[in-house]
Amino acid sequence: MRKKKQLLSLLFSAVLVVFFACSAFAGDPPNWGDVNGTTDIVPLEILAGDSCYSPEGAETELEFTMHGDSVNDCEWGYPSNLEYAFDGLIIRTTEVSGDLEGTAWYSGYQYISLVFEEDEDQSGNFSAVFNFDTSSGIGGTPPESCDVSFSWDFSLEPERFMAGILHAPYNDNGTLYGDTASCDIGVVLLEETPTFDIFVGKSGEEMQYARSLGPLTSTNCSVDAGLLFLLPGDSVGIIYANLWDEQIELSFTEAGFSIMRYLFAPDLYDGDGPPAMIEVQDNYIIDPALAVEGYLSSIGKQENSFRDITFRDGTVTHLSWLWCELIYQDENSANAVGFAGNPTSADFNDELDDKIYKVIVSDDFWPMSVTPEEFNLVTAASSGDFIGQVSMDISIPFQADTFRKWAIPIGLRIGIPGENIEQYDEELMQTVDAELGENPTEEELEAVVRKYLSFTKEWSTGETAQIRLDDPEFADAVDIFFEMDDDGGVNNIIFTVSLLIVNGGEPGMIDSATANDRKYIVIYDGNLDLRFSDPIKLAAAYEEDTSGSGGSGCSAFGFVPAAGLLLLPLLMLLKK
């Protein structure tokens with residue numbers, strides 16, 4: 001996966017500006033509005049604090065001028081009015097392949113050229129043609145003009161956004177003062193039918209490990225965010241992105257959802273810096289190509305937390321998650337451990353062993369009585385043994401009978417570095433690489449991970465059992481997503497798992513159970529010793545041994561190869 005420039009991030013250091021025909025800006029900046037026809041233009045100006053606004057919203061006519069002769073007197077503007085200036089241009093379109101025609105002018109005492117430099121890393125085509133005499137350029141006294149046409153083709157482009165830089169070099173001196181006489185121009189592909197995305201994570205400046213849960217085809221839907229690792233007092237952060245060509249509007253009576261800011265939606269899928277902030281007048285309207293970021297207030301650690309986000313048209317996005325009260329989090333990685341909700345024995349509706357006396361929850365423990373030292377999340381591979389490993393050693397927090405079984409719900413999040421794959425088994429990695437082929441989709445990649453990986457439980461008595469990630473009995477208890485680096489490569493494959501660890505039972509016993517609409521993998525540790533212990537490994541899935549000789553077997557499959565994972569479309573993390 002490649003690294004792509006962010007148009008609006010680049011704008012923050014731009015000096016030249018683009019100006020389009022519009023009236024003076026007064027008061028709050030307007031919303032961008034619906035896309036006009038199939039294609040329109042949104043000029044942008046930078047405000048203090050690295051945020052942008054569009055003084056008059058979207059425009060339909062493309063007409064601009066290059067004015068000036070020196071680094072301190074050089075700008076792009078509308079031919080008849082240079083009083084107001086802009087720092088960038090967004091083309092919004094619903095056309096996979098199309099063009100936008102207009103007029104470019106030059107006003108000054110030199111002769112210039114116009115050159116459009118496409119981002120060399122993008123797979124699609126985004127280009128411009130200027131109709132002027134290349135031997136002399138465009139003269140500026142009196143102002144001269146030429147026809148201009150921007151063209152794009154997203155048919156080979158996996159992203160929704162392409163960018164380029166418009167230069168205005170002097171004919172005999174090259175580009176004027178480097179990039180001083182240039183501006184960034186981008187095109188974003190939107191949909192003619194409702195298309196949205198939603199990101200959910202812990203609210204904060206970076207919303208680290210937020211997950212993309214789209215695409216959504218309606219605002220009237222239910223979305224489950226899985227495990228969220230939170231402390232009491234934390235808020236749930238939400239980003240709602242509009243990839244449709246029409247506005248959507250939040251309800252004015254929306255309770256509990258506090259709006260923080262608006263963002264340029266394509267930046268959410270780029271690993272090169274934070275998304276650009278956009279100022280708009282009406283904070284309840286989400287314009288095409290924008291996203292609203294906010295947080296849910298007054299959230300408690302309910303067993304199965306949920307909240308409705310309502311829209312003006314009466315539709316409702318029902319958002320749910322499993323609150324994992326944080327016990328341990330590695331500040332330098334994705335790894336985290338928490339109490340997975342607060343289910344009671346009754347919540348499991350008789351699915352558990354009837355000899356389980358009680359499901360212990362966070363409120364049963366003294367504050368800080370469960371510490372990070374009781375968990376060991378190993379993310380360094382051991383060749384031929386495991387790709388990652390989780391072990392725990394938790395004491396039951398009160399005086400208890402040793403003949404009774406106790407259970408504890410645990411949520412895990414573990415990030416496995418891509419380099420572990422080769423360290424674990426290079427030959428099996430290559431086998432799976434051949435199955436993936438070129439340009440696999442996210443769904444295909446996740447399916448391969450589930451097919452070829454499993455969690456393996458080993459008991460001190462020698463018994464083993466695997467938890468196949470593609471087994472319908474366990475699949476809903478395991479979520480898989482990907483953390484990308486700034487170059488588009490995979491830093492981590494991140495697994496979140498809902499476990500119910502039982503003190504006691506027979507070695508080799510693994511089951512599943514549901515409480516409050518949440519699936520848990522039930523693992524019996526095999527010892528009535530008032531402790532929850534023993535390791536769980538992430539390793540290659542293996543063919544089950546049907547000979548009756550036990551739970552162990554020979555590895556028949558490999559891990560997803562790093563080369564294949566690099567092709568993953570970046571639909572996931574805000575991990576800056």
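Structure's up top.
1. Details of the overall build of the protein chain
Right, so step 1: From N to C terminus, the protein chain includes five helices and 37 strands.
Right, so step 2: Sorting the 576 residues of the protein chain into buried and exposed places 55% on the buried side.
Right, so step 3: Total accessible area on the protein chain stands at roughly 23,300 Å², and carbon and sulfur atoms take up 46% of it.

2. Things to note about unusual backbone geometry
Right, so step 1: Cis geometry marks the peptide bond from glycine 214 to proline 215; its omega dihedral reads 5°.
Right, so step 2: By the element assignment, proline 215 lies in the loop between strand E15 (211-212) and strand E16 (221-230).
Right, so step 3: Positive phi, normally seen in glycine, also occurs at aspartate 517, with a value near 65°.
Right, so step 4: When you line up the elements, aspartate 517 lands in the loop between strand E34 (510-515) and strand E35 (518-524).

3. Concerning the layout of surface pockets
Right, so step 1: Of the volumes computed, that of the second largest pocket is approximately 440 Å³.
Right, so step 2: Lining the second largest pocket are 24 residues, and of these Arg211, Asp224, Val478, Asp479 and Ile480 sit closest to its centre.
Right, so step 3: Among the elements of the structure, E15, E16, helix H3 (442-452), strand E32 (478-484), strand E33 (490-503) and E35 are those that each provide at least two residues to the lining of the second largest pocket.
Right, so step 4: For the lining of the second largest pocket, the per-class residue count stands at nine nonpolar, five polar and ten charged.

4. Structural notes on the packing of aromatic side chains
Right, so step 1: Applying the stated criterion across every chain, the model contains twelve aromatic pairs.
Right, so step 2: Relative to phenylalanine 150, the ring of phenylalanine 116 lies with its centre 5.5 Å away and its plane at 80°, an arrangement referred to as edge-to-face. With phenylalanine 116 in strand E8 (residues 115-118) and phenylalanine 150 in strand E11 (residues 144-153), this residue pair connects regions lying 34 residues apart in the sequence. Accessibility assignment for this pair places phenylalanine 116 and phenylalanine 150 in one class, buried.
Right, so step 3: With 6.4 Å between their ring centres and 35° between their planes, phenylalanine 126 and phenylalanine 150 make a pair best called tilted. Of this pair, phenylalanine 126 sits in strand E9 (residues 125-131) while phenylalanine 150 is found in strand E11, placing the two residues 24 residues apart along the sequence.
Right, so step 4: For phenylalanine 126, a relative accessible area of 0% corresponds to the buried category.
Right, so step 5: One cation-aromatic arrangement involves lysine 457 over tryptophan 459; the distance from NZ or CZ to the ring centre is 4.5 Å.

5. A look at the environment of valine 390
Right, so step 1: Assignment of secondary structure puts valine 390 in strand E28 (residues 388-395).
Right, so step 2: A relative accessible area of 6% means that valine 390 is categorised as buried.
Right, so step 3: Once the C-alpha coordinates of valine 390 and phenylalanine 455 are considered, the two residues, 65 residues apart in sequence, prove to be 10.0 Å apart.
Right, so step 4: What valine 390 contacts, discounting residues up to four positions off in sequence, is Asn376, Leu377, Leu412, Ile414, Asp534, Pro535 and Ile536.

6. Considerations on the nonpolar core
Right, so step 1: Formed by 44 residues in total, the largest nonpolar core has its most connected members in Phe375, Ile394, Phe455, Phe495 and Ile521.
Right, so step 2: Counting residues per element, this core draws most heavily on strand E29 (residues 405-417), which supplies six residues.
Right, so step 3: Ranked by size, the runner-up nonpolar core spans 43 residues in total, among them Leu44, Val200, Val280 and Leu290.

7. Focus: a negative patch on the surface
Right, so step 1: Taken together, Asp350, Glu351, Asp354, Glu473 and Asp511 make up a surface patch of like negative charges.
Right, so step 2: Position of aspartate 354 relative to the elements: it lies in the loop between strand E25 (336-340) and strand E26 (356-359).

8. Quick word on the pairing of strand E24 (residues 316-329)
Right, so step 1: Across the 14 residues that make up E24, a large majority, eleven, are buried.
Right, so step 2: Bridge count for E16 against E24 is eight bridges, and the pairing is parallel. What sits directly across from leucine 227, in E24, is leucine 322.
Right, so step 3: Where E24 hands over to E25, the hairpin turn is made up of six residues, counted between the paired strands.

9. Quick word on the sheet that holds strand E19 (residues 257-264)
Right, so step 1: In space, the twelve strands of this open sheet follow the order E8-E12-E13-E5-E1-E2-E20-E19-E22-E17-E14-E15, with mixed pairing throughout. Among the strands making up the open sheet, the edge pair consists of E8 and E15.
Right, so step 2: Note that strand E17 (residues 236-242) and strand E22 (residues 290-296) share six bridges and pair antiparallel. The residue of E22 that forms the bridge with valine 236 is leucine 296.

10. Overview of the side chain of serine 498
Right, so step 1: If you trace the backbone, serine 498 turns up in strand E33.
Right, so step 2: Dropping the residues within four chain positions of it, serine 498 is found in contact with Leu227, Leu322, Ile410, Ala477, Lys519, Tyr520 and Ile521.

11. What to know about the side chain of arginine 518
Right, so step 1: By the element assignment, arginine 518 lies in strand E35.
Right, so step 2: Residue classification places arginine 518 among the buried positions, given a relative accessible area of 10%.
Right, so step 3: Separated by 3.3 Å, the side chain of arginine 518 and the backbone oxygen of tryptophan 321 make a polar contact.

12. A look at empty space enclosed by the protein
Right, so step 1: Evaluated as defined, the whole model comprises four cavities of 30 Å³ or more.
Right, so step 2: Its volume calculated, the largest cavity comes out at about 100 Å³.
Right, so step 3: Surrounding the largest cavity, 13 residues form its lining, Val390, Leu412, Phe455, Val497 and Ile536 being those nearest its centre.
Right, so step 4: Taken together, the elements giving at least two residues each to the lining of the largest cavity come down to E28, E29, E33 and strand E37 (536-540).

13. Notes on the pairing of strand E31 (residues 464-468)
Right, so step 1: In terms of burial, E31 is largely enclosed, as five of its five residues are buried.
Right, so step 2: Neither face of E31 is left uncovered, since the one carrying Thr464, Gln466 and Arg468 and the one carrying Ala465 and Ile467 both have all their residues buried.
Right, so step 3: Here strand E30 (residues 453-458) folds back onto E31, and the loop between the two strands holds five residues, one of which, glycine 462, carries a positive phi near 105°.

Parameters at a glance
- Residues numbered from 1 in each chain as written.
- Predicted model: local features only at pLDDT ≥ 70, side-chain atom pairs only at ≥ 80, totals over all residues.
- Heavy atoms only, no water.
- Helix = DSSP H or I, 4+ residues; strand = E, 2+ residues; numbered from the N terminus.
- Buried < 20%, exposed > 50% of the residue type's maximum accessible area, 1.4 Å probe, protein only.
- Areas by Shrake-Rupley, 256 points an atom, 1.4 Å probe, with all protein chains shown as cover.
- 1 Å grid on protein atoms, 1.4 Å probe; cavity = no way out; pocket = protein on both sides within 12 Å on 5 of 7 lines; lining within 4 Å.
- Points joined across faces, edges and corners; volume = space filled by probe spheres on them.
- Nonpolar A, V, L, I, M, F, W, Y, C, P; charged D, E, K, R; others polar.
- Phe/Tyr/Trp six-rings, centres within 6.5 Å; stacked < 30°, edge-to-face > 60°.
- Lys NZ or Arg CZ within 6 Å of the ring centre and 35° of its normal.
- Contact = heavy atoms within 4.5 Å.
- Core = buried A, V, L, I, M, F, W, Y, C linked by side-chain atoms within 4.5 Å.
- Patch = residues over 30% accessible without salt bridge, like charges linked within 9 Å, V, L, I, M, F, W, Y side chains within 5 Å.
- Salt bridge = Lys/Arg side-chain N within 4 Å of Asp/Glu carboxyl O.
- Lys, Arg positive; Asp, Glu negative; His and termini not counted.
- Charge placed at Lys NZ, Arg CZ, Asp CG, Glu CD.
- Pairing = 2+ DSSP bridges.
- Polar contact = N/O pair within 3.5 Å; in protein donor to acceptor, adjacent residues only side chain to side chain.

On their own, these measurements won't tell you what the molecule is for.
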